[in-house]
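Examination of the molecular architecture
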Amino acid sequence: MSISVNLVEWSDKYSVHVSKIDSEHKQLFALLNIVNSAIVYGKGKEILEYALSELLSYTENHFQHEEEVMTMYNYPGLAMHRIEHKNLLLKVQTYIQKYHNKVLSVSEITTFLKGWLINHIEGDDSHFGNYLRGKGIS
């Protein structure tokens, strides 16, 4: 019997149907699964710290890329989306800091990360994807 280490599985229901953004979202899923694998297999604090750091760094870069594309195509929801990105990054940083201070467990962090990733993609990013497709971007 094997233990499933994937916390989230990519599916077409998460697609915004813009290939570059979908590719970045898939990478976020993969990084979250690496964090979860480190937990499940008890790979040690160093690997978990590295995985959380990579996830945060990639998320920052992804958000920056999304905002650049939104600017390029005059997305009317840019200001609100930028605020959402900023708030999400602050929450992720706060959760990681609480983990470092032993206020939160790792499972609480992964539950939060999974929730915000899925909710953000299915909510805000799906609207952005629709807008881009309306501009002929895929």
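The paragraphs below set out a description of the structure included in this document. (Residues numbered from 1 in each chain as written. Predicted model: local features only at pLDDT ≥ 70, side-chain atom pairs only at ≥ 80, totals over all residues. Heavy atoms only, no water.)

Observations regarding the packing of aromatic side chains
Inclusion rule: Put simply, two rings from Phe, Tyr or Trp (the six-membered ring, in Trp's case) pair if the centres are within 6.5 Å, and we call them stacked under 30 degrees between planes, edge-to-face over 60, tilted for the rest. Here a strand is any run of E in DSSP of at least two residues, a helix any run of H or I of at least four, and the numbering for each starts at the N terminus.
The full count for this structure, using the stated rule, is 7 aromatic pairs. Taking the centre distance of 5.3 Å and the plane angle of 75° together, the rings of W10 and F29 count as edge-to-face. Of this pair, W10 sits in the segment before α1 (19-40) while F29 sits in helix α1, and the two are 19 residues apart along the sequence. Put simply, the rings of W10, Y14 and F29 touch in pairs and so form one group of aromatic residues.

Points about the packing of α1 against helix α4 (residues 106-134)
We count it as follows: Simply put, an axis is a line fit to the C-alpha atoms, just over the touching stretch for a helix, and the angle between two N-to-C directions goes from 0 to 180 degrees. Note on angle classes: values under 35 degrees are labelled roughly parallel, values over 145 roughly antiparallel, values of 65 to 115 roughly perpendicular, and the remainder oblique. Contacts are assigned to residue pairs that have any heavy atoms within 4.5 Å of one another. Basically, the charged four are Asp, Glu, Lys and Arg, the nonpolar ten are Ala, Val, Leu, Ile, Met, Phe, Trp, Tyr, Cys and Pro, and anything else, Gly included, counts as polar.
At a closest axis distance of 11 Å, the pairing of α1 and α4 adopts a crossing angle of 175°. Relative to α4, the element α1 lies roughly antiparallel. Between α1 and α4, the residues in contact are I21, H25, L28, F29, L32, V35, N36 and I39 and V106, T110, L113, K114, L117, I118, I121, D125, F128 and L132, respectively. Of the residues belonging to the contact of α1 with α4, the class tally is 13 nonpolar, 3 polar and 2 charged.

Thoughts on helix α2 (residues 45-72)
So the rule is basically this: A helix is expected to span 1.5 Å for every residue after the first.
Its 28 residues give α2 an end-to-end C-alpha distance of 41 Å, which sits within 8% of 40 Å, the value for a rise of 1.5 Å per residue. Looking at the residues trailing α2, positive phi occurs at N74, about 55°.

Section: the pattern of salt bridges
Rule in force here: Salt bridge criterion: a side-chain nitrogen from Lys or Arg within 4 Å of a carboxyl oxygen from Asp or Glu. Throughout this description, buried means an accessible area under 20% of the type-specific maximum (1.4 Å probe, protein chains only), exposed means over 50%, and partly exposed covers the range between.
Tallied over the full model, the rule gives 2 salt bridges. K20 serves as the salt-bridge partner of E24, at 3.5 Å between the closest nitrogen and oxygen. In this pair, E24 and K20 both sit in helix α1, 4 residues apart, roughly one turn of the helix. The partly exposed category is assigned to K20, whose relative accessible area is 49%. As a salt-bridge pair, E67 and R82 come within 3.3 Å of each other at their nearest N and O atoms. In this pair, E67 is assigned in helix α2 and R82 in helix α3 (residues 78-100), connecting sequence segments 15 residues apart. Look at E67 and you get buried, because its relative accessible area is 15%.

A closer look at the side chain of H65
With respect to the secondary-structure elements, H65 resides in helix α2. In this structure H65 comes out as buried when scored by relative accessible area, which is 19%. Residues within four places of H65 in sequence aside, it is in contact with K20 and E24.

As for the nonpolar core
Note the following rule: Grouping buried Ala, Val, Leu, Ile, Met, Phe, Trp, Tyr and Cys residues that are joined through side-chain atoms within 4.5 Å yields what is termed a nonpolar core.
Of all hydrophobic cores here, the largest spans 27 residues; its most connected members are L52, L113 and W116. For this core, the elements supplying multiple residues, two or more each, are α1, α2, α3 and α4. At 8 residues, α4 tops the list of elements feeding residues into this core. Non-local contacts of L113, meaning those with residues more than four positions away in its chain, are made with L32, L52, L55 and V92.

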